[in-house]
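Residue-level listing of the chains:
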Amino acid sequence: MNAMKYLQALWLCMLLTGAAAQAQTDFPSCLYSLRAPAKAAGVREDSFARFTQGLTPDMGILDKMSNQPEFKMPIWDYLAALVDEERVAEGLAQLARHKDVLDKVAAQYGVDAATVVAVWGVESNFGQTFGKYPLTQALGTLSCFGPRQTYFRGEFFATLRILQAGHIAPERLVGSWAGAFGHTQFMPTTFERLAQDFDGDGRRDLMDSVPDALASTAHFLNKAGWNPAQVWGFEVQLPVGLDISGEGRKHKRALSEWAAKGLTQMGGGAVTSGLAPSTPAGLMTPAGAKGPAFLVLRNFDAIYSYNAAESYGLAIAHLSDRLRGAGPFATPWPTDDAGLSRAERREIQTLLNQRGHDIGVIDGMLGDKTRIAVRAEQTRLGQEVTGRAGQKLLRALR
Ligand code: CA
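Draft legend 1. Region of interest: the overall build of the chain. Counting secondary structure elements, the chain contains 18 helices and 7 strands. The dimensions of the chain, computed from C-alpha atoms along their principal axes, are 65 × 60 × 40 Å. Within the chain, contacts between residues at least 6 apart in sequence are counted, and of these 68% link residues at least 24 apart.

Draft legend 2. Up close: the domain arrangement of the chain. Under the domain assignment, the chain is made up of domain 1 (233-296) and domain 2 (342-397). Taking only C-alpha atoms, the centre of domain 1 and the centre of domain 2 are 38 Å apart.

Draft legend 3. Molecular detail of the layout of surface pockets. In this structure, the second largest pocket encloses a volume near 450 Å³. Around the second largest pocket, the lining is made up of 20 residues, and of these Trp76, Ala80, Val83, Pro328 and Trp333 lie nearest the centre. Those elements that place two or more of their residues in the lining of the second largest pocket are α5 (75-82) and α15 (310-323). No other element matches the 3 residues that α5 contributes to the lining of the second largest pocket. Residues belonging to the lining of the second largest pocket are distributed by class as follows: 10 nonpolar, 6 polar and 4 charged.

Draft legend 4. Spatial organisation of the environment of leucine 79. Take leucine 79: it is sitting in helix α5. In this structure the C-alpha to C-alpha distance between leucine 79 and leucine 340, which are 261 residues apart in sequence, comes to 9.1 Å. Residues in contact with leucine 79, not counting those within four places in the same chain, are Ser311, Leu314, Ala315, Phe329 and Trp333.

Draft legend 5. Region of interest: the coordination of the calcium ion. Every protein donor of the calcium ion is accounted for by Asp197 (OD), Asp199 (OD), Asp201 (OD), Arg203 (O), Asp212 (OD) and Asp212 (OD), and the metal-donor separations fall at 2.3 to 3.0 Å. Coordination at the calcium ion comes from 6 donor atoms whose angles at the metal span 47 to 159°, giving a geometry best classed as irregular. All donors of the calcium ion belong to a single chain; written as a sequence motif, their spacing is D-x1-D-x1-D-x1-R-x8-D. Highlighted residues: aspartate 197 in the loop between α11 (188-194) and α12 (210-223) and aspartate 212 in helix α12, separated in sequence by 15 residues.

Draft legend 6. Highlighting the pattern of salt bridges. For the structure shown, the criterion picks out 25 salt bridges. A salt bridge links aspartate 336 to lysine 392; the nearest nitrogen and oxygen atoms lie 3.2 Å apart. Here aspartate 336 is found in the loop between α15 and α16 (342-354), whereas its partner lysine 392 is found in helix α18 (residues 391-397), with 56 residues between them in sequence. Residue classification places aspartate 336 among the exposed residues on the basis of a relative accessible area of 59%. Put simply, glutamate 377 and arginine 380 hold a salt bridge, and the shortest N to O gap is 2.7 Å. Of this pair, glutamate 377 and arginine 380 both sit in helix α17 (residues 368-381), 3 residues apart, which is roughly one turn of that helix. Note on glutamate 377: relative accessible area 4%, which makes it buried. Shared partners join several salt bridges into a network, and the residues in it are Arg249, Lys252, Asp301 and Glu310.

Draft legend 7. Layout of the sheet that holds strand β7 (residues 293-296). With antiparallel pairing, the 5 strands of this open sheet are ordered in space as β4-β6-β7-β3-β5. Two strands bound the open sheet, and with one partner strand each, they are β4 (253-254) and β5 (264-265). For strand β3 (residues 233-237) and β7, the ladder comprises 4 bridges, and the chain directions are antiparallel. Looking across to β7, one finds that glutamate 235 is bridged to phenylalanine 294.

Draft legend 8. Examining the packing of aromatic side chains more closely. All told, the structure shown has 14 aromatic pairs when counted by the stated rule. For the ring pair phenylalanine 186 and phenylalanine 220, a centre distance of 5.9 Å and an interplane angle of 40° mean the geometry is tilted. Here phenylalanine 186 is found in the loop between β2 (174-175) and α11, whereas its partner phenylalanine 220 is found in helix α12, with 34 residues between them in sequence. Accessibility classification places phenylalanine 186 together with phenylalanine 220 in one group, the buried group. Between the aromatic rings of tryptophan 232 and phenylalanine 294, the centroid separation amounts to 6.2 Å while the plane-to-plane angle is 50°, which identifies the pairing as tilted. Placement of the pair is tryptophan 232 in the loop between α12 and β3 and phenylalanine 294 in strand β7, with a sequence separation of 62 residues. Judged by relative accessible area, tryptophan 232 falls into the buried class, the value being 4%. Grouping aromatic residues by their ring pairs yields a cluster made of Trp76, Trp232, Phe294, Phe300, Phe329 and Trp333. Note that arginine 148 overlies the ring of tyrosine 151, its terminal NZ or CZ placed 4.5 Å from the centroid.

Draft legend 9. Seen up close, the nonpolar core. Grouped together as the largest cluster of nonpolar side chains are 81 residues, with contacts concentrated most on Phe156, Phe181, Leu221 and Leu314. Apart from the residues lying within four places of it in its own chain, the contact partners of leucine 221 are Val111, Thr115, Val119, Trp226, Ala302, Ile303 and Tyr306. In terms of nonpolar packing, the next biggest core, distinct from the first, is built from 14 residues, Ile244, Leu263, Val271 and Ala281 among them.

How each quantity is defined
- Residues numbered from 1 in each chain as written.
- Predicted model: local features only at pLDDT ≥ 70, side-chain atom pairs only at ≥ 80, totals over all residues.
- Heavy atoms only, no water.
- Helix = DSSP H or I, 4+ residues; strand = E, 2+ residues; numbered from the N terminus.
- Contact = heavy atoms within 4.5 Å.
- Domains from an automatic or database assignment.
- 1 Å grid on protein atoms, 1.4 Å probe; cavity = no way out; pocket = protein on both sides within 12 Å on 5 of 7 lines; lining within 4 Å.
- Points joined across faces, edges and corners; volume = space filled by probe spheres on them.
- Nonpolar A, V, L, I, M, F, W, Y, C, P; charged D, E, K, R; others polar.
- Donors = N, O, S within 2.8 Å, 3.2 Å for Na, K, Ca; no water.
- Tetrahedral: all angles 85-135°; square planar, octahedral: opposite > 155°, others 65-115°.
- Salt bridge = Lys/Arg side-chain N within 4 Å of Asp/Glu carboxyl O.
- Buried < 20%, exposed > 50% of the residue type's maximum accessible area, 1.4 Å probe, protein only.
- Pairing = 2+ DSSP bridges.
- Phe/Tyr/Trp six-rings, centres within 6.5 Å; stacked < 30°, edge-to-face > 60°.
- Lys NZ or Arg CZ within 6 Å of the ring centre and 35° of its normal.
- Core = buried A, V, L, I, M, F, W, Y, C linked by side-chain atoms within 4.5 Å.

Here you go:
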């Protein structure tokens, strides 16, 4: 490093240290300035004081917010981990375990048990993954620092109102760094709009009440326009030479029009079978014309509104089909190196560990440490060096 670069680095370092120190001193005054708007938003002064007492910012959250994932995951990797045999088996067990509640939920909100349980499985792994960030700290930090303070203040005040109303105990309220929490991973304002007290104890508790959580998910989908008389969609067979440019979830055509274009269900059944020919449906091809293709109906949009990503919606939709007894998609993904289930991810981490790589906890999550180890092994094996762990690497390491 030359002298100029060294001085620049030193200056930057001082600047960053100064910024962190500034953040510590600015946070109390920022919180103080939020008392009046919080009061106007329905948070009593004593509640504000009680729930923000001793609150410190978590500046690490701002790094999370600004760090775009450098690693764009192919959809087959995403789905391989979210909808694996483990998740299907556990979903079936939860369907049986909560059958009575799920039947009542379906009767009241018109959303079937498999769909509700599929959302639960993808959102929080059936209540096993809530996130670890105390919500008042995470949302307090994002209300005072970072680029979206106005939005996060709305969520922060909603959090304080939820605590003030006594729905959830303060020490139980943890979630993602961005504020989604509980079995359903609702944001606080979504909680206020849609959470349900289904076990009748007077509290809407998405942390510790499974009936409340399942009913809240069904209520969300109901309000998003769920139609109990329709499916989410289905996999289709495309006719040779179909032009799919411009088609997508939002570009709906009548099922009869798709039938006229030559689309069929897998196995050759009519796309209109069991549905009105005028039913609007969009053609989704998440990996292009050579991969699996789906006609998606209005219910897919309802699932999509839960988390605004088509890959996410497809994971829930597919898991719900698997819970109804369907198999994997009929059309393979257009890759010669398929994705790994969570069990296979844990296996590849174990194998990497045995080869002397430090990959941290064997948790099935392929983070930075695992990717560094994957690159090293790909180099050693003469494979293309991508940092992505798939079936090819797993086979080679076995
Ligand atoms: Ca309750």
